[in-house]
Amino acid sequence: MATELDTKRFGWQGRSEWVSCVMDLRFERPIGAIRSLLWIVMVFLLAGCGGPEREIIRTLDRLAEELSKEGQESVVSLVGKGQRIGDFLGETCEVELPEWMMTGPQRRQDLVQMALGVRGGFARFQVAFSEVEVELLPSGDALVYAVVRVSGDSEDLSRALNRGEVSMVMRPNQGRWEIVRLEPVEAIRK
């Protein structure tokens with residue numbers, strides 16, 4: 001309800017007339033409708049709905065969460081974690097890790113077992129992806145470069161795995177991105 005002061009200042013009687021006037025100005029003209037649509041698009045873009053690049057970055061963040069651990073895990077938790085890690089990998093994944101004697105196509109199950117085995121030897125194991133760069137390819141795949149940081153509760157782990165840049169090819173599969181190729185680019189020292 002409008003007060004007497006509002007009526008004198010703005011020259012209108014009651015809030016409903018003012019709202020009606022603004023709505024008429026904004027949406028009756030095509031330019032007002034276009035302006036409103038542009039604002040909606042900008043809000044969605046700023047909210048993080050930025051297409052495949054943002055989804056790939058979110059996928060890598062979720063993978064890092066699944067690979068990381070704090071403390072001991074139960075067998076049931078470990079099995080669930082293995083299934084979730086597997087969801088980030090293609091059925092077969094081309095891996096080039098000569099220092100681990102892994103080159104060529106690897107089965108998803110084997111890579112999950114390797115990941116669980118590596119992290120199983122530590123009470124604390126942290127993985128993080130940073131400086132992620134995504135290049136969308138004409139085939140629909142994405143070429144992804146990222147710095148991987150690995151830390152844990154062991155001096156040997158910190159020295160051996162510290163951080164390095166990796167190259168990945170990711171492919172969309174049923175609404176989610178899977179890693180189908182992985183190889184190191186270079187080791188980065190502190």
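Just so we're clear, the structure is a prediction, and the values are computed from it rather than from any experiment.

Chemist: Whenever I open this one, the pattern of salt bridges confuses me. Can you help?
Modeler: Opposite charge on two side chains permits pairing when their charged atoms draw close. Going through the model one piece at a time under the given rule, you end up with eleven salt bridges. Across the salt bridge formed by Glu66 and Lys81, the nearest N and O atoms sit 3.5 Å from each other. Taken together, the positions of Glu66 in helix H4 (residues 52-67) and Lys81 in helix H5 (residues 75-86) put the pair 15 residues apart, joining distant regions of the chain. Its relative accessible area of 10% is what places Lys81 among the buried residues.

Chemist: Can you walk me through the environment of Val169 in this structure?
Modeler: Mapped onto the secondary structure, Val169 falls in strand S6 (residues 163-173). Judged by its relative accessible area of 15%, Val169 is buried. Setting aside residues up to four positions removed in sequence, Val169 forms contacts with Asp141, Ala142, Leu143, Glu178, Ile179, Val180 and Arg181.

Chemist: It is not clear to me how the side chain of Lys69 should be interpreted in this structure. Could you clarify?
Modeler: Among the structural elements, Lys69 can be located in strand S1 (residues 69-70). Notably, Lys69 is buried but unbridged: the nearest opposite-charge side chain belongs to Glu73, and the N-O separation is 4.5 Å. Polar side-chain contacts of Lys69 include one of 2.8 Å to the backbone oxygen of Phe122. Sequence-distant contacts of Lys69, that is, excluding residues within four places in its chain, are made with Arg119, Gly120, Phe122, Ala123, Arg124, Phe125 and Gln126.

Chemist: In this structure, what is going on with helix H6 (residues 108-120)? I would like to understand it.
Modeler: Because each turn of an α-helix spans 3.6 residues, side chains separated by three or four positions in sequence point in the same direction. Across its 13 residues, H6 extends 18 Å between first and last C-alpha, which sits within 8% of the 18 Å expected from 1.5 Å per residue. Of all the residues in H6, the buried ones are Leu111, Val112, Ala115, Leu116 and Arg119. One side of H6 holds all its buried residues, which, seen down the axis, span an arc of 130°. Facing away from the buried side of H6 by more than 90 degrees, the exposed set consists of Gln113 and Gly117. Looking at the buried positions of H6, the neighbouring elements they touch are H4, S1, H5, strand S2 (89-97), strand S3 (102-107) and strand S4 (124-136).

Chemist: Quick question: what am I supposed to make of the pairing of S2 here?
Modeler: Within a regular strand, side chains alternate between the sheet's two faces. Both S2 and S3 contribute to a ladder of six bridges, which runs antiparallel. Opposite Thr92, over in S3, you have Arg107 as the bridge partner. Hairpin connection of S2 to S3: four residues between the antiparallel strands, including Met101 at a positive phi of 55°.

Chemist: Would you explain the packing of H4 against H5 in this entry?
Modeler: The interhelical angle for the contact between H4 and H5, taken along N-to-C directions, is 155°, at an axis separation of 10 Å. One way to sum up the angle between H4 and H5 is to call them roughly antiparallel. The handedness of the crossing between H4 and H5 is left-handed. Residue-level contacts link Glu65, Glu66 and Leu67 of H4 to Lys81, Arg84 and Ile85 of H5.

What counts, and at which threshold
- Residues numbered from 1 in each chain as written.
- Predicted model: local features only at pLDDT ≥ 70, side-chain atom pairs only at ≥ 80, totals over all residues.
- Heavy atoms only, no water.
- Salt bridge = Lys/Arg side-chain N within 4 Å of Asp/Glu carboxyl O.
- Helix = DSSP H or I, 4+ residues; strand = E, 2+ residues; numbered from the N terminus.
- Buried < 20%, exposed > 50% of the residue type's maximum accessible area, 1.4 Å probe, protein only.
- Contact = heavy atoms within 4.5 Å.
- Lys, Arg positive; Asp, Glu negative; His and termini not counted.
- Polar contact = N/O pair within 3.5 Å; in protein donor to acceptor, adjacent residues only side chain to side chain.
- Expected span 1.5 Å × (residues − 1).
- Arc of directions from axis to C-beta.
- Pairing = 2+ DSSP bridges.
- Axes fitted to C-alpha atoms, helices over the stretch in contact; angles between N-to-C directions.
- Parallel < 35°, antiparallel > 145°, perpendicular 65-115°, else oblique.
- Left-handed = near helix turned anticlockwise from the far one by under 90°.

Don't take any of this as a statement about function, it's just geometry.
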